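# A look at the structure
Here's the letter readout for the chains.
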Amino acid sequence: MLEVIAVIAVILAIAVAIVLILAATKPNTLRVQRAISIKAPAERIFPLISDFQQWRSWSPYEEKDPAMKRTYSGAERGKGAVYAWDGDKNVGSGRMEILEAATPQKIVIKLDFFTPFEGHNTAEFTMLPQGDGTHVTWLMHGPANFMSRLMQVFMNLDRMIGRDFEAGLANLKTLTEK
């Protein structure tokens, strides 16, 4: 009986070691980016992103927890605007602050997650003229701490977060192409 337990313990120790080694080989930065072409001028898209209260009309994260508590502070929109949220396990809690709002082509946001996992990233939206419309890019980047890298052993964060970005960009497209 002790031999069986010893074999199981060795197998578990090897499995844990393999997972930790795989996590250590993951990149120490996280980068998720999606883009879409929208047949609308940047001037129509920009206000929906630079005003956090407008995010309820297009952000896929707003739908994940309708009972989420939201707090707005700082500037009403643009540089200095702050949005904090506290929700269920689907959205956790965090805070965003607009650091740069170059009308109508770029918005840079400091993005801090507190729960369920702590993370500190930067989100950037760029809007570049393209023919009769605008090419919109949503980018999130930042350091990947060891817990994030451990999660990446079991799930594809680019695919998971990227799906949300794609949904949000599609919502922006629908809202602004009317």
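Just above, that's the structure.
Residues numbered from 1 in each chain as written. Predicted model: local features only at pLDDT ≥ 70, side-chain atom pairs only at ≥ 80, totals over all residues. Heavy atoms only, no water.

Attention now moves to the environment of D158. Residue placement: D158 occurs in helix α5 (residues 157–176). In this structure D158 comes out as partly exposed when scored by relative accessible area, which is 32%. It is 17 Å that separates the C-alpha atoms of D158 and L22, two residues lying 136 residues apart in sequence. If we ignore the near neighbours within four places in the chain, the residues touching D158 are R31, V32, Q33 and R34. (Helix = DSSP H or I, 4+ residues; strand = E, 2+ residues; numbered from the N terminus. Buried < 20%, exposed > 50% of the residue type's maximum accessible area, 1.4 Å probe, protein only. Contact = heavy atoms within 4.5 Å.)

Moving on, we get to the packing of helix α2 (residues 42–50) against α5. Interaxial distance between α2 and α5 falls to 10 Å at its minimum, and their mutual angle equals 130°. Between α2 and α5, the crossing angle belongs to the class labelled oblique. For the element pair α2 and α5, the recorded crossing hand is right-handed. For the pair α2 and α5, the contacting residues are R44, I45, L48 and I49 in the first and L172, L175 and T176 in the second. (Axes fitted to C-alpha atoms, helices over the stretch in contact; angles between N-to-C directions. Parallel < 35°, antiparallel > 145°, perpendicular 65-115°, else oblique. Left-handed = near helix turned anticlockwise from the far one by under 90°.)

Note that every value here comes from positions in space, so none of it alone points to a role or purpose.
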